[in-house]
Amino acid sequence: MSAIVGAESIHEHAESHEHHHVSQNFWQKYIFSEDHKVIAKQYLITGIIWAVIGISMSVIFRIQLGMPDSNLSWLKPVLGQWISDSGKLDPNFYLALVTMHGTIMVFFVLTAGLSGTFSNFLIPLQIGARDMASGFMNMLSYWFFFLASIIMFGSIFLQTGPAAGGWVIYPPLSALPEAHPGSGMGMTLWLTSMAFFIVSQLLGGINYITTVINLRTRGMSFDRLPLTIWAFLITAVLGLISFPVLLSSVLLLIMDRHFGTSFYLSDIYINGEALPNVGGSPILFQHLFWFLGHPEVYIVLLPGLGITSEVIATNARKPIFGYRAMIASMLGIAFLAFIVWAHHMFVTGMNPFLGSVFMFLTLIIAVPSAVKGFNYITTLWRGNIVFTPGMLFSIGLVSLFVSGGLTGIILGNSALDIQLHDTYFVVAHFHLVMGAASAFGLFAGVYHWFPKMFGRMMNPTLGQLHFWLSFIGIYMVFIPMHYVGIAGFPRRYYQFTSYDFTHKFMDMNMFISIAAIFSFLAQFIFLWNFFYSIFKGKKAPKNPWRSNTLEWTTPVNVGHGNWEGEIPAVYRWSYDYSKPGAKEDFIPQNVPYSQTLESNLPHENELIATEKEIEAQNFNDQFKTAH
Amino acid sequence: MASNVTTPGAVEPKFWMGGIEPMKASYGKLMMWFFLISDTFTFSALLVAYGYQRFSFPAYSGEVADFVNSNLYWPIPEKVYAAVPFLHGVYLPLVFVGIMTFILIASSVTMVLAVEAGHRKDRATVEKYMLWTILGGFTFLGCQAWEWAHFIHGTDNGTLMTIMENGKMVEKTIFGANLTVNEYGPAAFADFFFFITGFHGTHVFSGVILNILIFFRVATGLYDKRGSYEMVEKVGLYWHFVDLVWVFVFTFFYLV
Ligand code: HEM
Ligand SMILES: [Cu+2]
């Protein structure tokens, strides 16, 4: 009886909800939306725009590095005064480009664009929630990011150019306007933008964590959460703890820049004249920065790893290998991420004993990282692999993660790092392991969840083409770059024409640049596929990849509130693929064990008794109404 | 699939099974907790920076009684913070800051009482204790303003120091403190003092503003209508946090 009454009243709610919908105008629905799905798409589109800008910048400086004699006059319409009359790129602007490229890619594309998109989109859908804990804060988070974006974008057009001290903005270069044109207004805007960016990250992160803890649907215990959600949760915790430290260091830097304090400055002469600052320490900044900086690289990578776990298990049609080991390794990585920061500072004159402590801790990270690598490979082992574009990019991520991680182990040795620090070897290391791997995670996520986001499919053939060109292109860029680095090419140099030892490597540098342009062009396949499919793609079925997670139980075009009627309960983990005895090769999380007697394991039969209990666990607001 | 609709309340809730708020903590309260965790790291970074800087300077090595200010070593806090309003020239080390600390801690106690009254939905008592808390907050801020003013103004005699000015070393008597130079010790001493106590003061100030806001909402009966005084609890958490941070700031700047 009561069950029927319940269902009816829910239906009513759903209806009254419909009315509510109509009254939402364009602004509420698409601009200042509090719906997590719309916010996710806002993050995605903004991230894509930033990616286009950021990668274009890298192509410009790659041309400068690979073909130093080329005439860049054709860029004059875009870059204006930064191209000289003889067609040369301004050396100061080269540094600004490198800085902006790093900042944009690390923070705006791979932090905001990646976890902003997928944490927002997938957390409520995969844990079975109507929306984020606070839709309003979620909206604020996006708009703070937007504000940060506007400021950073604006800084590119300054007369003196944007910030140019590298994405790590070490003082004194960043602290003294006299040090470099970009250290004036450009750096001021950089710092302002990043302050807003941090606020945005904190608002978002607090929301993600709270949502995962409080709004899981009944039956969704922590050991049934998909690994994506675990990854987003841990990412958010990392951000919550490390971004405030960046905020502090940025605030102190602002004080040094504008109020004459000496936190980071000491004994500096400008044009032979001494500055009054005494007693500050630029190394202090490096400590604070890298306390954020190292966790930040995992903030960038972990969502990609989570997405990969999900996509690989689904498309290998096999349970993920070592579910608990995956969680443990992510927790281990997250913990270690906070105690290894000084491996970026081996050559700052650090006490060699301290260096060896940090070396030891750093090398331990290889253990949980290897656990993840092996688990992915074992999941793929003898699976019935379906090579969707999402799957290809996920496998690509594993490959990039392994090859980039290996060079990390080399860099982690403080003695080897003396030779390799600040060379292109480091650049190659982190582009493989962080840049390309996380970008592949982003692509995997977009290809995999596009049907849920837009109700349409992307073109798989174009997706596969995009994968192969990117995969080949990226390795062609970064494998040679290791050699250039070992040969001693320092990073952040405008050109290498005036040294003897660099001559032999000019052709290699040119090869890298050509490969970079090649990879860049390959991305247009994606752009076209993405935007075309939003409007004209094939209509998506409800569960195109025959996946187990809850988001595929929602209607094809998900409305506000995600599920019509009640939120499904969850009875099993999300990795029941190809279970022996089962009718299909997948059993979604919301199918109770009592309906799959033919495939249950003995201990799962015992769980049937708990089903009633799970169903009665509706103590959340979101179960009382359909909204 | 079976219909999942069931009547609530028929079973004992299992806190980590989903469908429920674990430990009965509402999302708002959780968010406050996580915000406080992250703010802890903001302050920790500042205090660690302070420690890093402080110990890169030599400490004063002589007898405490013979201590004189100099920018060559870090000052002894009790020699610097020894003034009390209206008692000009009397040496009362750490007395005034002790009073400030006491006031702030007392305001935390009144906050506890307000929260407790909120649990009983006793509006008049909540109002009373919120007012005391607000008063405590303002008094603390007032004290801090005096402390700053005195620090900036400095002692009657100042200190003779060798400092860098316009690119040259000059010998000069310094009075009080600003962000570039101060009579008590190295520039970093005053820089950190201003920045960290200022940053903490900003937190106290926003706490007072929040408290006033919540006070008005209590007074207009909003929480009676809502049937829950949880907002009082949330600002309470924030207020205790700000107090706790002060204890650390106090320890770092005045005691160590
Ligand atoms: C086995 C694991 C890893 C080890 C041992 C390792 C070690 C290192 C070391 C020692 C450096 C400093 C090199 C130098 O500047 O001289 C470095 C740089 C870097 N690593 Fe890794 N790494 C590992 C994995 C990762 C991962 C997974 C990521 C990102 C997701 C990453 C991102 C970076 C970045 C961004 C930099 C350069 C930052 C810069 O100077 O601009 N690393 N790595
Ligand atoms: Cu690192």
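Per chain, the residues get numbers from 1 upward, laid out in the order the sequence is written. Chain A is the first chain written and ligand 1 is the first ligand written, with later ones labelled in order. Only residues with pLDDT of at least 70 are given local features in this predicted model, and only at 80 or more are side-chain atom pairs given and counted; all residues enter the totals for whole chains, interfaces and linings. Based on all heavy atoms of the structure, the side-chain values leave hydrogens and waters out of the count.

The following threshold applies: UniProt positions are given in the numbering used here, feature names are shortened, and annotations may be inferred rather than shown by experiment.
Chain B is annotated in an unreviewed UniProt entry as Cytochrome c oxidase subunit 3 of Dyadobacter jejuensis. The record in UniProt for chain B states the following under Subcellular location (unreviewed entry): "Cell membrane". UniProt lists a comment for chain B under the heading Sequence similarities (unreviewed entry), and it reads "Belongs to the cytochrome c oxidase subunit 3 family."

In the annotation of an unreviewed UniProt entry, chain A is listed under the name Cytochrome c oxidase subunit 1 and assigned to Dyadobacter jejuensis. We quote the UniProt Subcellular location (unreviewed entry) comment for chain A here in full: "Membrane". UniProt's Sequence similarities (unreviewed entry) comment on chain A is quoted here verbatim: "Belongs to the heme-copper respiratory oxidase family."

Quick look at the site of ligand 1
All names here are of chain A. As a reminder, the rule being used: Residues are labelled near a given molecule or strand when at least one of their non-hydrogen atoms is within 4 Å of it. Nitrogen and oxygen atoms within 3.5 Å of one another constitute a polar contact, given that in protein one can donate a hydrogen and the other can accept it, and given that sequence-neighbouring residues count only through two side-chain atoms. Each helix is a run of DSSP H or I of at least 4 residues and each strand a run of E of at least 2, with the numbering of both proceeding from the N terminus. Residue type decides the class: Asp, Glu, Lys and Arg count as charged, Ala, Val, Leu, Ile, Met, Phe, Trp, Tyr, Cys and Pro as nonpolar, and the leftover types, Gly among them, as polar.
The full set close to ligand 1 counts 21 residues, and Trp167, Asp417, His421, His429 and Arg491 are the nearest of them. Trp167 places a side-chain nitrogen or oxygen 2.9 Å from an oxygen atom of ligand 1. Here Arg491 contributes a side-chain N or O atom positioned 2.9 Å from an oxygen atom of ligand 1. Listed by contribution, the elements that provide at least two residues to the shell around ligand 1 are α9 (282–316), α13 (389–411) and α15 (424–454). When residues of the shell around ligand 1 are assigned to their parent elements, the largest contribution, 5 residues, is made by α15. Of the residues that constitute the shell around ligand 1, the class distribution is 11 nonpolar, 8 polar and 2 charged.

Some remarks on the UniProt feature "transmembrane region" (unreviewed entry) in chain B
Residue and element names in this part refer to chain B. UniProt tags residues 30–52, 90–117, 129–149, 192–216 and 237–255 as "transmembrane region" (unreviewed entry). Taken end to end, residues 129–149 is 100% helix and 0% strand, and its two terminal C-alpha atoms sit 30 Å from one another. Taken end to end, residues 237–255 is 100% helix and 0% strand, and its first and last C-alpha atoms sit 26 Å apart.

Examining a nonpolar patch on the surface
Rules: Only residues whose relative accessible area exceeds 30% and that form no salt bridge enter a patch; like-charged residues are grouped when within 9 Å of one another, and nonpolar side chains (Val, Leu, Ile, Met, Phe, Trp, Tyr) when within 5 Å. What sets the accessible areas is the Shrake-Rupley method with a 1.4 Å probe; for residues, cover comes only from the shown protein chains. Salt-bridge detection follows one rule: a side-chain nitrogen of Lys or Arg within 4 Å of a carboxyl oxygen of Asp or Glu.
Judged by side-chain polarity, Ile105, Val109, Leu113, Leu244, Val247 and Phe248 of chain B come together as a nonpolar surface patch covering roughly 490 Å² of accessible area. In this fold, Phe248 of chain B is placed in helix α7 (residues 230–255).

Describing the environment of Ile196 of chain B
Residue and element names in this part refer to chain B. Short version of the rule: Each residue is placed in one exposure class: buried if its accessible area under a 1.4 Å probe, protein chains only, is under 20% of its type's maximum, exposed if it is over 50%, and partly exposed if it falls in between. What makes two residues a contact is simply this: any of their non-hydrogen atoms within 4.5 Å.
Along the polypeptide, Ile196 turns up in helix α5 (residues 187–219). Given a relative accessible area of 0%, Ile196 falls into the buried group. In the structure, Ile196 is positioned 79 residues away from Ala117 in sequence and 34 Å away in space, judged by C-alpha atoms. If near-sequence neighbours (up to four positions away) are discounted, Ile196 is found in contact with Leu46, Leu47, Tyr50, Val249 and Phe253.

Here's the deal with the packing of helix α3 (residues 36–66) of chain A against α15 of chain A
All names here are of chain A. Using the following cut-off: The convention used is that axes are lines fitted to C-alpha atoms, helices contributing only their stretch in contact, and that angles between N-to-C directions extend from 0 to 180 degrees. Helix crossings fall into two classes, left-handed where the near helix is turned counterclockwise from the far one by less than a right angle and right-handed where it is turned clockwise.
Running from N to C, α3 and α15 point in directions that differ by 145°, and their axes come no closer than 13 Å. Like other packed secondary-structure pairs, α3 and α15 cross with a definite hand, here left-handed. Note on element contacts: α15 touches α3 through Tyr424, Val446, Met453 and Phe454, opposite Lys41, Leu44, Arg62 and Leu65. Looking at the contact of α3 with α15, its residues break down into 6 nonpolar, no polar and 2 charged.

With respect to the packing of aromatic side chains
All names here are of chain A. Where we set the bar: Whether two aromatic rings pair depends on their centres lying within 6.5 Å, for rings of Phe, Tyr and Trp, where Trp uses its six-membered ring; planes under 30 degrees apart make the pair stacked, over 60 edge-to-face, and the rest tilted.
Tallied over the full model, the rule gives 94 aromatic pairs over all chains. Centre to centre, the rings of Phe144 and Phe196 are 6.0 Å apart; their planes meet at 25°, and the pair counts as stacked. On the criterion of sequence distance, the pair formed by Phe144 in helix α6 (residues 135–155) and Phe196 in helix α7 (residues 185–214) is long-range, its members being 52 residues apart. Take Phe144: its relative accessible area is 24%, and that puts it in the partly exposed class. Given a relative accessible area of 27%, Phe196 falls into the partly exposed group. Here the aromatic rings of Phe393 and Phe443 are separated by 5.1 Å at their centres, their planes lie at 45°, and the arrangement is tilted.

Details of the interface of chain B and chain A
Heads up, the condition is: Accessible surface is computed with a 1.4 Å probe, and the buried area is the amount of it that two parts give up when combined, taken over both parts together.
At the interface, 46 residues of chain B touch 64 residues of chain A. Summed over both sides, the interface between chain B and chain A buries roughly 4,700 Å², with carbon and sulfur atoms accounting for 67% of that surface. Here chain B is connected to chain A by 0 salt bridges. Where chain B touches chain A, the interface holds 11 residue pairs in polar contact (both at pLDDT 80 or more). Broken down by secondary-structure element, the contributors of at least two residues to the side of chain B that touches chain A are α1 (27–54) and α5 of chain B.

Notes on the coordination of the iron atom of ligand 1
Residue and element names in this part refer to chain A. Rules: Water is not part of the atom set, so a site may look incomplete; the donors themselves are N, O and S atoms within 2.8 Å of the metal, or 3.2 Å for Na, K and Ca.
One donor from the polypeptide reaches the iron atom of ligand 1: His429 (NE2), at 2.1 Å. The copper ion (ligand 2) is placed at 4.6 Å from the iron atom of ligand 1. Tracing the backbone through its elements, the reader meets His429 in helix α15.

Some remarks on the coordination of the copper ion (ligand 2)
Ideal geometry at a metal centre gives angles of 109.5 degrees when four donors are arranged tetrahedrally and 90 or 180 degrees when six donors are arranged octahedrally. Residue and element names in this part refer to chain A. For the copper ion (ligand 2), the full set of protein donor atoms is His294 (ND1), His343 (NE2) and His344 (NE2), at a range of 1.9 to 2.0 Å. Positions of the donor residues of the copper ion (ligand 2) along the chain correspond to the pattern H-x48-H-H. Looking at His344, the relative accessible area reads 21%, which means it is partly exposed.

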